[in-house]
Amino acid sequence: MSSLYELTIADVFKGLREKKFSSREVTTACLSRIEEADPLIHSYLSVFRDSALEQAARADEKISEGGSLSPLLGVPLAMKDNILIAGSVTTASSKILEQYVAPYDATVIQKLKAEGAVILGKTNMDEFAMGSSTENSAFGATRNPHDAERVPGGSSGGSAAAVAAHECIASLGSDTGGSIRQPASFCGVVGLKPTYGRVSRHGLMAMASSLDQIGPITKTVADSKILFEAIAGSDPLDSTTSNEAGTPEKNLKGLRIGIPKEYFGEGLDSRVGDSVHRALEKLVVSGATLVDISLPHSDYALATYYIIMAAEVSANLARFDGIRYGYSTERDSMQKDSSLLSMYTQSRAGGFGREVKRRIMLGTYTLSSGYYDAYYAKAQKVRRLIQNDFKDAFSRVDVIAGPTSPILPFRFGERTRDPLSMYKADIYTVAINLSGIPALSVPCGTAEEKNSKGLSVKLPVGLQLIGPWFSEHTLFCVSEAVERNLQNHE
Ligand code: GLN
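Scope of this entry: the structure provided in the associated data block. (Residues numbered from 1 in each chain as written. Predicted model: local features only at pLDDT ≥ 70, side-chain atom pairs only at ≥ 80, totals over all residues. Heavy atoms only, no water.)

**Here we look at the site of the ligand**
As a matter of local geometry, the ligand sits amid 15 residues, with T176, G177, S179, Y305 and R359 nearest to it. Between the ligand and G177, the relevant distance is 2.6 Å, taken from an oxygen atom to a main-chain nitrogen or oxygen of the residue. Contacts to the ligand include Y305, whose side-chain N or O atom sits 2.7 Å from an oxygen atom. Against a free-state accessible area of 290 Å², the protein chains account for coverage of 100% of the ligand. Among the cavities detected, the one that contains the ligand is the largest cavity. Grouping the amino acids of the shell around the ligand by side-chain chemistry returns 5 nonpolar, 7 polar and 3 charged. (Near = heavy atom within 4 Å. Polar contact = N/O pair within 3.5 Å; in protein donor to acceptor, adjacent residues only side chain to side chain. Areas by Shrake-Rupley, 256 points an atom, 1.4 Å probe, with all protein chains shown as cover. 1 Å grid on protein atoms, 1.4 Å probe; cavity = no way out; pocket = protein on both sides within 12 Å on 5 of 7 lines; lining within 4 Å. Sits in = over half its atoms within 2 Å of the grid points. Nonpolar A, V, L, I, M, F, W, Y, C, P; charged D, E, K, R; others polar.)

Below is the structure:
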């Protein structure tokens, strides 16, 4: 049998029910695994050893009492560090929140606690979820478990690496422009960005409120479904949530899969493209049809995202002023010039990292008088055109498929000097958030690369499946087939 930390949610559920092992044993196995792997990988910013073992003990009691068991009872999970857990430090990987203790539980945490899940700790990320590599964390980058010389993707890089390195059974991330799917793709695990409004954002630190969604990062598609169902649903504390049950699942027989020509063009690494094509051809064997489609406004998606996202970032991050929240220079060292304004500016200058400052400035600029119409208002119009592209496509096809990322996991430092080259990593993911539709990244193959010692490493490739609003169950069904085909191939 494999080690307990290698199990999936479904395996743990089965093993606990059959009394093959206890939650305490699975939790202890994950904690030891963290001790062993995390000095290199650095997925975690904090580990809650004592409370995790208490939660596990409570789960074991429940199991011994018998009765119906929730699928997450006693399952050790990790949470991205922008999701609030009452009484624990929540930093969003920012120095400005280094000592911030969350006063309440996010709705997703309340739900997971009610299911009896065990929470192992908080995972590393790009500061305030801005980035695609975790290199923007104020507390050091996370490494890719497939090749420690490479980034795990971002911004939920810690959550994806923790799952891939078996430092937890599954985790939650957040996705504003690709931050669940791209790291899932880079780390060879499954990541779902649910339909906007399916999962409550209450207690998620806001990056760009019209784009943010929390979602699961898991070892398998079946686990993604379990975790998604546990956290989805309407919430009076987030008025954008919906109680929609979701559209009925469509299976592969006769399924029309749209292949957008814009997602296979310039900038796509041919090894990524080949791997995705091979996976799609296998779906045809199972009864699906591939249909060439076009999403004509794709070229504008990055620019539109970087205007709308930055505008919302500049508004949301205004609260971090060193008084209401966060680090304050005044408290650290008495300044001679102690006007209120200088306190604000010094706290923000010292507390925020470069990328966060860049986006606050860009967003403030596009919202300022005289530029608002030219940038922000125009971007909102283009956002509608991008949404309409998907609406048109979904009148012809059931789902859309393509690569999650145009490139393979890259080396540290390779893209940090030129922000634009980092932004391009999100080229296939941002349009989905602008449209509010769900998408899932599932591993579909690997590509060989060499590390600095000349040894070959296998880097994961992710296939992105995009569906109409509330079609998560169809995405699970199709991605399960991709997963099965890949296993049969191996
Ligand atoms: N990488 C993208 C960005 O930097 C997406 C971030 C996210 O989804 N949180 O904005």
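Picking up after the structure, the text goes on.
**Some details on the layout of surface pockets**
The calculated volume of the second largest pocket comes to roughly 430 Å³. Surrounding the second largest pocket, 19 residues form its lining, E266, G267, D299, I427 and Y428 being those nearest its centre. A per-element tally of the lining of the second largest pocket places helix α9 (residues 301-316) first, with 3 residues. Its residues assigned to classes, the lining of the second largest pocket comprises 11 nonpolar, 3 polar and 5 charged. (Points joined across faces, edges and corners; volume = space filled by probe spheres on them. Helix = DSSP H or I, 4+ residues; strand = E, 2+ residues; numbered from the N terminus.)

**Quick word on the sheet that holds strand β7 (residues 256-260)**
Overall, mixed pairing links the 11 strands, which are arranged β1-β3-β2-β4-β6-β5-β10-β11-β9-β7-β8 in an open sheet. Two strands close off the open sheet at either side, each with one partner strand: β1 (44-47) and β8 (289-293). Across this sheet, the average inter-strand angle for adjacent strands is 30°, counted without regard to direction. Note that strand β2 (residues 76-80) and strand β4 (residues 170-175) share 3 bridges and pair parallel. Bridged to M79 within β4 is L172. Its contacts with the sheet place helix α16 (residues 472-489) against β5 (190-193), β9 (399-403), β10 (439-450) and β11 (456-466), and it is angled at close to 25° to β10. (Pairing = 2+ DSSP bridges. Axes fitted to C-alpha atoms, helices over the stretch in contact; angles between N-to-C directions. Contact = heavy atoms within 4.5 Å.)

**Brief notes about the nonpolar core**
One finds L112, F128 and F390 to be the most contacted residues of the largest nonpolar core, which totals 141 residues. The element that contributes the greatest number of residues to this core is α9, accounting for 8 residues. Setting aside residues up to four positions removed in sequence, F128 forms contacts with A92, S94, I96, L97, M205, M207, L317, F320, F352 and V356. Grouped together as the second largest cluster of nonpolar side chains are 5 residues, V151, F186, I407 and M422 included. (Core = buried A, V, L, I, M, F, W, Y, C linked by side-chain atoms within 4.5 Å. Buried < 20%, exposed > 50% of the residue type's maximum accessible area, 1.4 Å probe, protein only.)

**Section: helix α7 (residues 221-231)**
Within α7, 8 of the 11 residues are buried, leaving the element largely enclosed by the surrounding structure. Buried within α7 are the following residues: V221, D223, S224, I226, L227, F228, A230 and I231. The backbone nitrogen of D223 has a side-chain oxygen 3.1 Å away, supplied by the residue at the start of α7, namely T220.

**Some points on unusual backbone geometry**
Between G154 and the following residue, S155, the backbone shows a cis peptide bond with an omega angle of 10°. Relative to the helices and strands, S155 is located in the loop between β3 (118-123) and α5 (157-164). If you check the backbone angles, F470 has positive phi at about 65° while not being a glycine. Mapped onto the secondary structure, F470 falls in the loop between β11 and α16.

**Thoughts on the side chain of E312**
Assignment of secondary structure puts E312 in helix α9. Of the side chains with opposite charge, R383 lies nearest to the buried E312, which makes no salt bridge, at 4.5 Å. Here S209 takes part through its backbone nitrogen, which lies 2.8 Å from a polar atom of the side chain of E312. In this view, E312 contacts M207, A208, S209, S210, L211 and R383; residues no more than four positions away in its chain are not counted. (Lys, Arg positive; Asp, Glu negative; His and termini not counted. Salt bridge = Lys/Arg side-chain N within 4 Å of Asp/Glu carboxyl O.)

**Some words on a nonpolar patch on the surface**
Judged by side-chain polarity, Y365, Y371 and Y375 come together as a nonpolar surface patch covering roughly 280 Å² of accessible area. As for its position among the elements, Y371 is in the loop between α12 (354-367) and α13 (373-393). (Patch = residues over 30% accessible without salt bridge, like charges linked within 9 Å, V, L, I, M, F, W, Y side chains within 5 Å.)

**So, the packing of aromatic side chains**
Enumeration according to the criterion identifies 13 aromatic pairs in this entry. Consider the rings of F128 and F320, whose centres lie 5.0 Å apart with planes at 45°: the pair is tilted. Of this pair, F128 sits in the loop between β3 and α5 while F320 sits in the loop between α9 and α10 (329-332), and the two are 192 residues apart along the sequence. We classify F320 as buried; its relative accessible area is 6%. Taken together, F128, F320 and F352 form an aromatic cluster joined through their ring pairs. When the ring centre of F410 is taken as reference, the NZ or CZ atom of R415 above it lies at 5.3 Å. (Phe/Tyr/Trp six-rings, centres within 6.5 Å; stacked < 30°, edge-to-face > 60°. Lys NZ or Arg CZ within 6 Å of the ring centre and 35° of its normal.)

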